[in-house]
Structure formats: C-alpha cells, structure tokens
Amino acid sequence: MALEVRVCEPGGFGDAAADALLEAASGVRAPVVGLATGNTPLALYDALARRVQQGEAAVSAWRPFAIDEYGGARGHPCSNRSYFARHWDSIPGARPVLQFEPQAADPAAEAARFRAALAAAGGLDVVLLGIGRNGHFAFNEPGSARDSVTRLADLAPETRAAASACWGELTPRSGYTLGLGEILAARRVVLLADGHAKAAIVARALAGPIGPECPASFLREHPAAVVVLDVAAAAGLRSGSAQAGGIAVPGDFPPADGGGHP
Ligand code: PGA
C-alpha cells in the first residue's frame, strides 16, 4: 500500500505523529527532513521533545529544512522562523532549521538559493506536512502545478484568513514555499490532520479527484506516504468513499465525540 492511513486513539495524536515521523526518518544516517509549522504539529513537537529528553529518540542527526515561510517581517512572532525557535530549537540536540529569508530583495534569487541548498543536501528524505482547509501543502495553494518548484507564492484567501488570527492587519499576501515537485519527490511523506475542521478536506484529498484543485490529492500518487488523523479529521472517510479512492482506512475507530480541536 503506497498510502497508509492511521487513525489515532483519542489523546494520542502527538505520539502517533511522532511514531510516524521517527519511522519515516529511520534507516537514513542524516536524513533531510522538511518540517511543517502551524497548529497541527504542535503535539508532535511536544512528543518529540519529551522522547528526546527521556532518551527514547534522537533528532540530532536530522538536517531540518523549513517547507515554507510567510512573506512578512523576519522574526515576526507569527513567522515560521519564530515558530521553529519555540517548538523545534527547544528539542535537545536539534540542529537549526534552514529557513527562507522573507525580506530578501530578490525573491527569485532567494527561492533559487533555497532550492539549491535543498538539492545540495540531496533533496528531502522525509517531509512532514499539514493540510490547509483548501487542500494546500505548504503554500502550494489550489492551482499549483504538480511539478512546481520553490518560489514566492500568493496566499489564498482561506490561508490569509487562517493566518490573520495571529498576524492581524499585518497578514502577509505571499509566502515562500517548496514546490509540489520538491515535496512529492521526498522519499517518505508524513501528513497530519486533526480536528473537525479538516474532515471535509481530508476526505476530498484522499477520495476526491486527483489534481491541482486540491494539491494534497497528489499524495495518493506518492509511493510511501503515511497520513495520521485523529477521529474528528477522519470523520469524512467513514462512508466508504476512501475505499472508492483506493485507500484502505482502518474501519474500527470510534465515533467522533465532538470535542477536541475546532
Ligand atoms: P494548521 O495549518 O496546522 O494551523 O491547521 C495547516 C496548513 O495550513 O497547512
């Protein structure tokens, strides 16, 4: 099975996500790991930090790359740079994340610099992804080409609306992102989604048509992807539609309780 869907136990999202990411990174001596930000992976980074502190896991050999960055002020508290400072750099032994420079004078040159750095590292071994409510991966908004590369991209209205909760009136209009081509070239992919708000787009991505209208749908063409869901985010996969999309979904997960994440 090229794409594996895991539905975690209530309260187990961070550990299930950490299991998937550690598995994906295992077997490579110094894996190049693309890292997502956002609300979804917070429990994962907490679980990773705990496991590293307890000596159960290590990330010190990982070569981390940001997968995107807002086109706002460098180091703004809502930037991905600040997020990594809070949630990644606090993991014992974690190497600094290679990041975009959002205020580079020449965005095309900045994108080329980042792209070249990733290529020099050998490309992504593993990429950790969240999914936007519109089906985006990183800032590859609907309409992004399957073979798109690192670039400064316009943010979709839904993405700006979500970002405005933190950025307010300074919400950026654009952001740097790895392209779908570079993301889907990763040897292993781990996609996370939790909460009711993601149920519809998870069902669309895993069981709807594959195409640029829902960039996350391209995951189904990847040879080694794992999707980690909580019960709420998996709710749209109950009808058998996922099986229609060729995806095996565990059939015995409990009903959503309506609680948890929004
Ligand atoms: P979220 O963002 O984890 O904050 O929901 C996911 C995304 O937009 O990719």
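Residues numbered from 1 in each chain as written. Predicted model: local features only at pLDDT ≥ 70, side-chain atom pairs only at ≥ 80, totals over all residues. Heavy atoms only, no water.

Caption draft 1: Examining the overall build of the protein more closely. Of the regular secondary structure elements, the protein holds eight helices and nine strands. Over its C-alpha trace the protein gives a radius of gyration of 17 Å, about what one expects of a compact globule, namely 18 Å for 262 residues. The principal-axis extents of the C-alpha atoms in the protein amount to approximately 50 × 45 × 35 Å. Taken across its 262 residues, the protein has 53% of its residues classed as buried. By element, 53% of the accessible surface of the protein is carried by carbon and sulfur atoms, the whole surface being about 11000 Å². A distance of 4 Å separates the average location of the 22 positive side-chain charges in the protein from that of its 26 negative side-chain charges. (Helix = DSSP H or I, 4+ residues; strand = E, 2+ residues; numbered from the N terminus. Rg over C-alpha atoms; globule rule 2.2 N^0.38 Å. Buried < 20%, exposed > 50% of the residue type's maximum accessible area, 1.4 Å probe, protein only. Areas by Shrake-Rupley, 256 points an atom, 1.4 Å probe, with all protein chains shown as cover. Lys, Arg positive; Asp, Glu negative; His and termini not counted. Charge placed at Lys NZ, Arg CZ, Asp CG, Glu CD.)

Caption draft 2: Region of the structure containing the packing of aromatic side chains. All chains considered together, the criterion is met by nine aromatic pairs. Each ring, one from F100 and one from Y176, has its centre 5.4 Å from the other, and the planes form 15 degrees; the classification is stacked. Of this pair, F100 sits in the loop between α3 (80-87) and α4 (107-120) while Y176 sits in strand β7 (residues 174-177), and the two are 76 residues apart along the sequence. Pairwise contacts between aromatic rings join Y45, W62, Y83, F84 and W88 into one cluster. (Phe/Tyr/Trp six-rings, centres within 6.5 Å; stacked < 30°, edge-to-face > 60°.)

Caption draft 3: Structural view of the confidence of the model for the protein. Taken over all residues, the pLDDT of the protein has a mean of 93, while the share at 70 or more is 90%. Throughout residues 255-262 the model reports pLDDT below 50, and contacts reaching past four residues in sequence, or to other chains, amount to 15 contacts. (pLDDT = per-residue confidence, 0-100. Contact = heavy atoms within 4.5 Å.)

Caption draft 4: Summary view of the site of the ligand. By nearness alone, every residue bordering the ligand is listed as G38, N39, T40, G130, I131, G132, H136 and K198. Here an oxygen atom of the ligand sits 2.6 Å away from a polar atom, N or O, in the side chain of K198. (Near = heavy atom within 4 Å. Polar contact = N/O pair within 3.5 Å; in protein donor to acceptor, adjacent residues only side chain to side chain.)

Caption draft 5: Helix α2 (residues 42-53), seen in detail. With 12 residues, α2 should cover 16 Å at 1.5 Å per step; its first-to-last C-alpha distance of 17 Å lies within 8% of that length. For α2, the complete set of buried residues consists of L44, Y45, A47, L48, A49, R51 and V52. Looking at the buried side of α2, the elements it contacts are α1 (13-25), β2 (32-35), α3, β5 (126-129) and β8 (188-193). Just downstream of α2, G55 is the residue with a positive phi angle, here 75 degrees. (Expected span 1.5 Å × (residues − 1).)

Caption draft 6: Highlighting the sheet that holds strand β3 (residues 63-66). Strand order in the open sheet made by the six strands is β1-β9-β8-β5-β2-β3, with parallel pairing throughout. Each edge of the open sheet carries a strand with a single partner, namely β1 (3-7) and β3. Across the sheet, the axes of successive neighbouring strands diverge by a mean angle of 20 degrees, strand direction being ignored. As judged from the five bridges shared by β1 and strand β9 (residues 225-229), these two strands associate in the parallel manner. Bridge pairing in β9 places V5 opposite V227. (Pairing = 2+ DSSP bridges. Axes fitted to C-alpha atoms, helices over the stretch in contact; angles between N-to-C directions.)

Caption draft 7: Spotlight on the sheet that holds strand β4 (residues 68-70). Ordered in space as β4-β7-β6, the three strands form an open sheet in which the pairing is antiparallel. Each end of this open sheet is capped by a strand with a single partner; those strands are β4 and β6 (151-154). Ignoring which end each strand starts from, the neighbouring axes of this sheet average 30 degrees apart. Alignment of β4 against β7, held across three bridges, turns out to be antiparallel.

Caption draft 8: Structural view of the packing of α1 against α2. Closest axis-to-axis distance for the α1/α2 pair is 8 Å, and the angle between their directions is 70 degrees. Classified by the interaxial angle, the pair formed by α1 and α2 is roughly perpendicular. Here G14, D15, A17, A18, D19, L21 and L22 of α1 lie close against α2, whose contacting residues are A43, L44, A47, L48, R50 and R51. Per-class residue counts for the contact of α1 with α2 are eight nonpolar, one polar and four charged. (Parallel < 35°, antiparallel > 145°, perpendicular 65-115°, else oblique. Nonpolar A, V, L, I, M, F, W, Y, C, P; charged D, E, K, R; others polar.)

Caption draft 9: Up close: the environment of A234. Position of A234 among the secondary structure elements: in the loop between β9 and α8 (241-244). The sequence separation of A234 and C8 amounts to 226 residues, and the corresponding C-alpha distance is 9.6 Å.

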